[in-house]
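# Notes for the structure review
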Amino acid sequence: MGFEIVRKHPIERRAKEIFQKYTDYTMISESMYVENLKLIWDFSSVKGCVIECGVWRGGMSAGIASLLPDREFFLFDSFEGLPEAKSIDGERAIAWQQDTESPGYYENCTAEVGFATKAMVSTGATHHIIKGWFKDTLHTITPAEEIAVLRLDADWYESTMECLSILFPKVKQGGLIIFDDYFTWDGCSRAVHDYLSKISSTSRIHKTPLGVAYIVKSD
Ligand SMILES: C[S@@+](CC[C@H](N)C(=O)[O-])C[C@H]1O[C@@H](n2cnc3c(N)ncnc32)[C@H](O)[C@@H]1O
């Protein structure tokens, strides 16, 4: 009779505790939240700043900041919710946005900026919360270091494309880019494919066991 040794990830327990702390500040499920933190931990030897685009109440950013408190954080969001879904985002996205009574609607992902501020202050990490539409805000920052972790959670094609066009060139070689919506929304996956194709990137799209999509910047 053989025994299978199942090794737990070194931060499994800590990641669950962090989720409990910020559960009211994120719409990401516990399993996916923990999966994101484990992935980011695995890339923690890559030094640089951390950026999340599409933060809602800031709970995911605060979780990352709890793990990497010595980094500089930039959080971008309109805090006015998602732009209107277009045909390139797929029929399911358009239907989701029209169904304003569904439990997953979250007022079209609108959030008071005070939630993100409170969550980030609790981590003690240096942070900047930049309110506004990506096309107006992403150009305005000058991080002291290159981007080590870029987490994109902006759902739609245009939003994801704006983030990639402006921020991908600023990601460090070997840096991590996470696509929260790659397996959820057609617009996100289309934007990722279109952008990588446009720059003739050879970066592979990877998937963690529970389905977090990411690439490691190689060119
Ligand atoms: C699904 S929510 C983010 C969830 C969040 N990461 C969490 O931990 O729960 C998507 C966010 O993207 C923002 N967003 C999408 N497109 C945007 C754009 N073009 N400019 C600014 N914010 C945008 C929305 O305001 C919304 O808060």
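Residues numbered from 1 in each chain as written. Predicted model: local features only at pLDDT ≥ 70, side-chain atom pairs only at ≥ 80, totals over all residues. Heavy atoms only, no water.

Across the six residues of strand β4 (residues 147-152), six count as buried, placing the element largely inside the fold. When strand β1 (residues 49-53) meets β4, the two strands line up parallel, connected through five bridges. Of the residues in β4, the one forming a bridge with Cys 49 is Ile 147. Bridge count between β4 and strand β5 (residues 171-179): five bridges; the pairing is parallel. Its bridge partner lying in β5, Leu 150 is registered against Ile 177. (Buried < 20%, exposed > 50% of the residue type's maximum accessible area, 1.4 Å probe, protein only. Helix = DSSP H or I, 4+ residues; strand = E, 2+ residues; numbered from the N terminus. Pairing = 2+ DSSP bridges.)

We now examine the nonpolar core. Soluble, globular proteins show a tendency: their nonpolar side chains are buried together. Residues Tyr 33, Leu 37, Ile 64 and Phe 73 are the most contacted members of the largest nonpolar core, which totals 35 residues. When residues of this core are traced back to their parent elements, those giving at least two are α1 (12-22), α2 (30-42), α3 (59-67), β2 (72-77), α6 (113-121), β4 and β5. Setting aside its immediate chain neighbours within four residues, Ile 64 contacts Leu 37, Ile 40, Val 50, Phe 73 and Arg 151. (Core = buried A, V, L, I, M, F, W, Y, C linked by side-chain atoms within 4.5 Å. Contact = heavy atoms within 4.5 Å.)

Turning next to the site of the ligand. Of all residues adjacent to the ligand, which total 23 residues, the nearest are Thr 26, Met 27, Asp 77, Asp 153 and Ser 159. The contact in question runs from an oxygen atom of the ligand to an N or O atom on the side chain of Asp 77, over 2.5 Å. The separation between a nitrogen atom of the ligand and a polar side-chain atom of Ser 159 is 2.8 Å. Coverage of the ligand by the protein amounts to 98% of the 600 Å² it exposes when considered alone. Taken together, the residues of the shell around the ligand break down into 11 nonpolar, six polar and six charged. (Near = heavy atom within 4 Å. Polar contact = N/O pair within 3.5 Å; in protein donor to acceptor, adjacent residues only side chain to side chain. Areas by Shrake-Rupley, 256 points an atom, 1.4 Å probe, with all protein chains shown as cover. Nonpolar A, V, L, I, M, F, W, Y, C, P; charged D, E, K, R; others polar.)

With that settled, the discussion passes to the packing of α1 against α3. It is at 10 Å that the axes of α1 and α3 come closest, and there the two elements cross at 140°. Classed by the angle they form, the pair α1 and α3 counts as oblique. The two elements α1 and α3 cross, and the hand of that crossing is right-handed. Of the residues in α3, those touching α1 at Arg 14, Ile 18 and Tyr 22 are Gly 59, Ala 62, Gly 63, Ser 66 and Leu 67. Classifying every residue of the contact of α1 with α3 by side-chain character gives four nonpolar, three polar and one charged. (Axes fitted to C-alpha atoms, helices over the stretch in contact; angles between N-to-C directions. Parallel < 35°, antiparallel > 145°, perpendicular 65-115°, else oblique. Left-handed = near helix turned anticlockwise from the far one by under 90°.)

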